[in-house]
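# Commentary on secondary and tertiary structure
Letter by letter, the chains look like this.
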Amino acid sequence: MKIKSKIWIETDEGILISEGRIQLLKLIESTGSLNKAAKEMNISYQKAWKLIDASNKASKEPLIATQVGGNKGGGTIVTPYGKSLIESFEKINVACWEFLDLQLKKHSL
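Residues numbered from 1 in each chain as written. Predicted model: local features only at pLDDT ≥ 70, side-chain atom pairs only at ≥ 80, totals over all residues. Heavy atoms only, no water.

- Looking at an unreviewed UniProt entry, the protein chain carries the name Molybdenum transporter, with the source organism given as Flavobacterium aquariorum.

Structure below.
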């Protein structure tokens, strides 16, 4: 038997980060493109942009930075703050699952 849970972190301005947004940030990091990341998640570029924009508005620093032009074209990178948010969220998520598993073991279901 397993217990399942989804967490997200909110500020007064809205959702800062969630599992789906973490996935999107990781794909941006690996592809160097918001558009490619959106395609890999099977969501529209517009939806991906809205998710990132909402997170940026809820955060104290931008999560991504865009680069335009150049001979290789533009791209998108995850900022150092965005990377730290990914790492922190994943640690919190693991701790949450461990806590819930421990709670489940305490109860006879």
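Moving on from the coordinates now.
### Here's the deal with the packing of helix 1 (residues 19-31) against helix 4 (residues 80-106)
- Relative to each other, helix 1 and helix 4 sit at 140°, their axes nearing to 10 Å. Here helix 1 lies oblique to helix 4, going by the angle between them. Both helix 1 and helix 4 take part in a crossing whose hand is left-handed. Along the contact surface, helix 1 presents Glu-19, Ile-22, Leu-25, Lys-26 and Glu-29, while helix 4 presents Lys-83, Leu-85, Ile-86, Phe-89, Glu-90, Asn-93 and Trp-97.
- Here the contact of helix 1 with helix 4 is composed, by residue class, of 6 nonpolar, 1 polar and 5 charged. (Axes fitted to C-alpha atoms, helices over the stretch in contact; angles between N-to-C directions. Helix = DSSP H or I, 4+ residues; strand = E, 2+ residues; numbered from the N terminus. Parallel < 35°, antiparallel > 145°, perpendicular 65-115°, else oblique. Left-handed = near helix turned anticlockwise from the far one by under 90°. Contact = heavy atoms within 4.5 Å. Nonpolar A, V, L, I, M, F, W, Y, C, P; charged D, E, K, R; others polar.)

### Observations concerning the environment of Ser-44
- The topology assignment puts Ser-44 in the loop between helix 2 (34-41) and helix 3 (45-58).
- Once the C-alpha coordinates of Ser-44 and Leu-109 are considered, the two residues, 65 residues apart in sequence, prove to be 42 Å apart.

### What to know about the pattern of salt bridges
- Scanning all chains against the criterion turns up 4 salt bridges.
- One salt bridge in this structure joins Lys-83 and Glu-29, with 3.7 Å as the shortest N-O distance. With Lys-83 in helix 4 and Glu-29 in helix 1, this pair connects stretches of sequence that are 54 residues apart.
- Residue Lys-83 is classed as partly exposed on the basis of its relative accessible area of 42%.
- The shortest N-O distance in the salt bridge between Glu-87 and Lys-91 comes to 3.1 Å. With Glu-87 and Lys-91 both in helix 4 and 4 residues apart, the pair spans about one turn of that helix.
- Take Glu-87: its relative accessible area is 46%, and that puts it in the partly exposed class. (Salt bridge = Lys/Arg side-chain N within 4 Å of Asp/Glu carboxyl O. Buried < 20%, exposed > 50% of the residue type's maximum accessible area, 1.4 Å probe, protein only.)

### Topic: the pairing of strand 1 (residues 8-11)
- As paired strands, strand 1 and strand 2 (residues 14-18) are joined by 4 bridges and run antiparallel to one another. By the bridge assignment for strand 2, Ile-9 is matched with Ile-17.
- Between strand 1 and strand 2, which pair antiparallel one after the other, the connecting turn spans 2 residues. (Pairing = 2+ DSSP bridges.)

### A short note on helix 3
- For helix 3, spanning 14 residues, the distance from its first C-alpha to its last is 20 Å, which sits close to the expected 20 Å at 1.5 Å a residue.
- Along helix 3, the residues classified as buried are Ala-48, Ile-52, Ser-55, Asn-56 and Ala-58.
- Taken together, the buried residues of helix 3 touch strand 1, strand 2, helix 1, helix 2 and strand 3 (64-67). (Expected span 1.5 Å × (residues − 1).)

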